[in-house]
Amino acid sequence: MAEAFNDVVLPADKAQRYAAVAEEIASVLDGEPNLTARMATVSSMLANSFDSYFWTGFYVVDPTKEAELVVGPYQGTLGCMRIAFGRGVCGTAAATRQTQLVPDVHAFPGHIACDGRSASEIVVPVFDAGGKLIAVFDVDSDRPAAFDETDQAWLERIMAATFSQG
Ligand code: SME
């Protein structure tokens, strides 16, 4: 069954829903260069499009520190402030520059539990137009195994379209 989000009707099929939200994000952000505005908009629109999203947001690379992430725009309960590269799921995504798809966070070595209700997680690295890592995008779910290759493909595509275009 389709659902309405603001004035957008969201299809029930996950891939179709991502396609609709991706188009809407591009349209809302057209001509807006501010990075905080772009990250806040992506967090809000994705968080409001999927019931399975429990915590949705960015950890940005702190330019004043060596290999450290600091919390950026997000939707959800209080997130941890800082995560070193290599620590937890976000730090692993930053260190490896690879998406981390985690069906069971309790089975992930070094997982950082900001909110004990998180059960599964996906973290996608975010690059600027020059290929520099600027952030990671983290989605946690209170449901186990909430994310799959469809989420990965679409989130990677949305991050690239929003932050890596020249
Ligand atoms: N679970 C994450 C930490 C960030 S939050 O859950 C908001 C991790 O292990 O990287």
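Residues numbered from 1 in each chain as written. Predicted model: local features only at pLDDT ≥ 70, side-chain atom pairs only at ≥ 80, totals over all residues. Heavy atoms only, no water.

A. Fine view of the site of the ligand. The local shell around the ligand consists of W55, Y59, I83, G88, V89, C90, H111, I112, C114, E121, D138 and D140. Here an oxygen atom of the ligand and a backbone polar atom of V89 are 3.0 Å apart. Against a free-state accessible area of 300 Å², the protein chains account for coverage of 99% of the ligand. Contributing elements (two or more residues each) for the shell around the ligand: strand 3 (55-61), helix 3 (88-96) and strand 8 (133-141). (Near = heavy atom within 4 Å. Polar contact = N/O pair within 3.5 Å; in protein donor to acceptor, adjacent residues only side chain to side chain. Areas by Shrake-Rupley, 256 points an atom, 1.4 Å probe, with all protein chains shown as cover. Helix = DSSP H or I, 4+ residues; strand = E, 2+ residues; numbered from the N terminus.)

B. Examining the packing of aromatic side chains more closely. Taken as a whole, this structure holds eight aromatic pairs when the rule is applied. With a centroid separation of 5.1 Å and an interplanar angle of 20°, the aromatic rings of F50 and Y53 are classed as stacked. A residue is classified by how much of its surface remains accessible, and F50, at 8% relative accessible area, is buried. Taking the centre distance of 5.7 Å and the plane angle of 25° together, the rings of W55 and Y59 count as stacked. By relative accessible area, which is 5% here, W55 ends up buried. Each residue in the set Y18, F50, Y53, F147 and W154 is aromatic and connected to the rest through ring pairs, giving one cluster. Directly above the aromatic system of F50 lies the positively charged group of R17, at a separation of 5.9 Å from the ring centroid. (Phe/Tyr/Trp six-rings, centres within 6.5 Å; stacked < 30°, edge-to-face > 60°. Buried < 20%, exposed > 50% of the residue type's maximum accessible area, 1.4 Å probe, protein only. Lys NZ or Arg CZ within 6 Å of the ring centre and 35° of its normal.)

C. Here's a closer look at helix 4 (residues 149-163). With 15 residues, helix 4 should reach 21 Å at 1.5 Å per residue; the first-to-last C-alpha distance of 21 Å fits that figure. All of the buried residues in helix 4 are D151, W154, L155, I158, M159, T162 and F163. Viewed end-on, helix 4 has its buried residues packed into an arc of 135°, placing them on one side of the element. Of the exposed residues in helix 4, those oriented more than 90 degrees away from the buried face are E149 and R157. Lining the buried residues of helix 4 we find helix 1 (14-29), helix 2 (35-47), strand 3, strand 7 (120-127) and strand 8. N-capping of helix 4 is provided by D148, with a side-chain oxygen placed 2.9 Å from the backbone N of T150. (Expected span 1.5 Å × (residues − 1). Arc of directions from axis to C-beta. Contact = heavy atoms within 4.5 Å.)

D. Fine view of the sheet that holds strand 4 (residues 68-75). Taken in spatial order, the six strands of this open sheet run 5-4-3-8-7-6, and their pairing is antiparallel. The sheet is open, and its two borders are formed by strand 5 (82-84) and strand 6 (100-102), each paired with just one other strand. The average undirected angle you get between the axes of adjacent strands in this sheet is 25°. Across five bridges, the pairing between strand 3 and strand 4 is antiparallel. Residue pairing in the sheet places V60 in a bridge with V70 of strand 4. Set on the sheet, helix 3 makes contact with strand 3, strand 4, strand 5, strand 6, strand 7 and strand 8; between it and strand 7 the angle comes to about 35°. (Pairing = 2+ DSSP bridges. Axes fitted to C-alpha atoms, helices over the stretch in contact; angles between N-to-C directions.)

Coordinates in, geometry out; function isn't part of it.
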